[in-house]
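A closer look at the structure
Residues per chain are reported as follows:
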Amino acid sequence: MTHLSSPVNCWISCRFPLIILWFVSVIAQKQYHRSLRISVFYRSNLQLLDRAAAQLYYDCANNYPYVKLCEAFGLPDYASTWFKLTIMHIWMVLMRLHVSLEVHSYIRLQRSLLAVMWMDVDKRLEVIGKEIKQSLTSYGDMKHMHGLHLQTLLEYDEGYLSDDTVLAGAIWRCLYLQRSYDPIYVNRVILYIRSTMAYLDSLDLNDILVDGIKEWKTMKPTVTDVKKFDDCDRKRREYEEKKIIS
């Protein structure tokens, strides 16, 4: 019995590595064909992604109601305010797209959108610099704006995926840092971000890529949101009245 089993064991031991190699080669071949199909699809849609990125940036920079938001959020009409609000809308669009697009397509669209943004910011600063006869495109200025854009994207990511308390802290650091502000404005920004994201989620991905964001709308808040907003407003007024009396 031992004499018969030895050749069998020897045959299995010799064949076993070959079986593993064949199995690995099949898996590798399937992965290669899959990546090839993805790359072909990705390359064939580069123009569509670049065109969509340019259109979406235009919508994020020019189509939202800038003056109304400045008044509602208590922000001054500065170029820095436009930059902060534009980044906020860019973040909302990227947040909507990253859950729907394939990873290569999303990275391409994100980089194209940000590249268009920096080209536009550079041109705007040149125009403003000529009007006030001062250079605004120095290395220090651009470094500060680049850091602000990275901070904003990271802060809003963390805040949006957490509760409103964390989101309020992110909004304060991105919009109101080093400025006096009323907390009711932060609450308005929270409602605006949440309701705008709900509206973007209701849009079809193909419509966003082809047509962009034709109009920035907000979903109507629920009864709970309205009560929460009214309670905050009432508490703020009571606090101001007590402060005046004292």
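Procedures and definitions
- Residues numbered from 1 in each chain as written.
- Predicted model: local features only at pLDDT ≥ 70, side-chain atom pairs only at ≥ 80, totals over all residues.
- Heavy atoms only, no water.
- Helix = DSSP H or I, 4+ residues; strand = E, 2+ residues; numbered from the N terminus.
- Buried < 20%, exposed > 50% of the residue type's maximum accessible area, 1.4 Å probe, protein only.
- Contact = heavy atoms within 4.5 Å.
- Axes fitted to C-alpha atoms, helices over the stretch in contact; angles between N-to-C directions.
- Parallel < 35°, antiparallel > 145°, perpendicular 65-115°, else oblique.
- Left-handed = near helix turned anticlockwise from the far one by under 90°.
- Nonpolar A, V, L, I, M, F, W, Y, C, P; charged D, E, K, R; others polar.
- Expected span 1.5 Å × (residues − 1).
- pLDDT = per-residue confidence, 0-100.
- Patch = residues over 30% accessible without salt bridge, like charges linked within 9 Å, V, L, I, M, F, W, Y side chains within 5 Å.
- Areas by Shrake-Rupley, 256 points an atom, 1.4 Å probe, with all protein chains shown as cover.
- Salt bridge = Lys/Arg side-chain N within 4 Å of Asp/Glu carboxyl O.
- 1 Å grid on protein atoms, 1.4 Å probe; cavity = no way out; pocket = protein on both sides within 12 Å on 5 of 7 lines; lining within 4 Å.
- Points joined across faces, edges and corners; volume = space filled by probe spheres on them.

The protein has the name Ubiq_cyt_C_chap domain-containing protein in an unreviewed UniProt entry, where Anisakis simplex is given as its organism.

1. A word on the overall build of the protein
For the protein, the count of helices and strands is ten helices and zero strands. The burial tally for the protein puts 33% of its 246 residues in the buried class. Intrachain contacts of the protein at a sequence separation of at least 6 include 67% that bridge at least 24 residues.

2. Examining the packing of helix H2 (residues 46–63) against helix H5 (residues 103–132)
At their nearest, the axes of H2 and H5 sit 8 Å apart, and the two run at 45° to each other. With respect to H5, the element H2 is oriented oblique. Here the hand of the crossing between H2 and H5 comes out right-handed. Taken together, the residues of H5 that come into contact with H2 (itself represented by Leu-46, Leu-49, Asp-50, Ala-52, Ala-53, Ala-54, Leu-56, Tyr-57, Ala-61 and Asn-62) are Ser-105, Arg-108, Leu-109, Ser-112, Leu-113, Val-116, Met-117, Asp-120 and Arg-124. The residue makeup of the contact of H2 with H5, split by class, is twelve nonpolar, three polar and four charged.

3. Section: helix H4 (residues 79–97)
Taking 1.5 Å of rise per residue, the 19 residues of H4 would be expected to cover 27 Å, and the 27 Å separating its terminal C-alpha atoms lies within 8% of that figure. With respect to burial, H4 is a largely interior element, 17 of its 19 residues being buried.

4. What about the confidence of the model for the protein?
Within the protein, residue pLDDT values average 78, and 70% of them lie at 70 or more. A low-confidence stretch, residues 8–13 (pLDDT under 50), is modelled with zero contacts involving residues beyond four sequence positions or located in other chains.

5. So, a nonpolar patch on the surface
On the surface, a cluster of nonpolar side chains totalling about 260 Å² of accessible area is made up of Trp-172, Leu-177 and Tyr-181. Tracing the backbone through its elements, the reader meets Trp-172 in helix H7 (residues 164–176). Given the relative accessible area of 31%, Trp-172 is considered partly exposed.

6. Focus on the layout of surface pockets
In this model, the largest pocket occupies a volume close to 630 Å³. Lining the largest pocket are 22 residues, with Ser-80, Phe-83, His-144, Met-145 and Leu-148 positioned closest to its centre. Elements that contribute at least two residues to the lining of the largest pocket include exactly H4, H5, helix H6 (139–160) and H7. For the lining of the largest pocket, the leading source of residues is H6, giving six residues. A breakdown of the residues in the lining of the largest pocket according to their chemical character gives twelve nonpolar, five polar and five charged.

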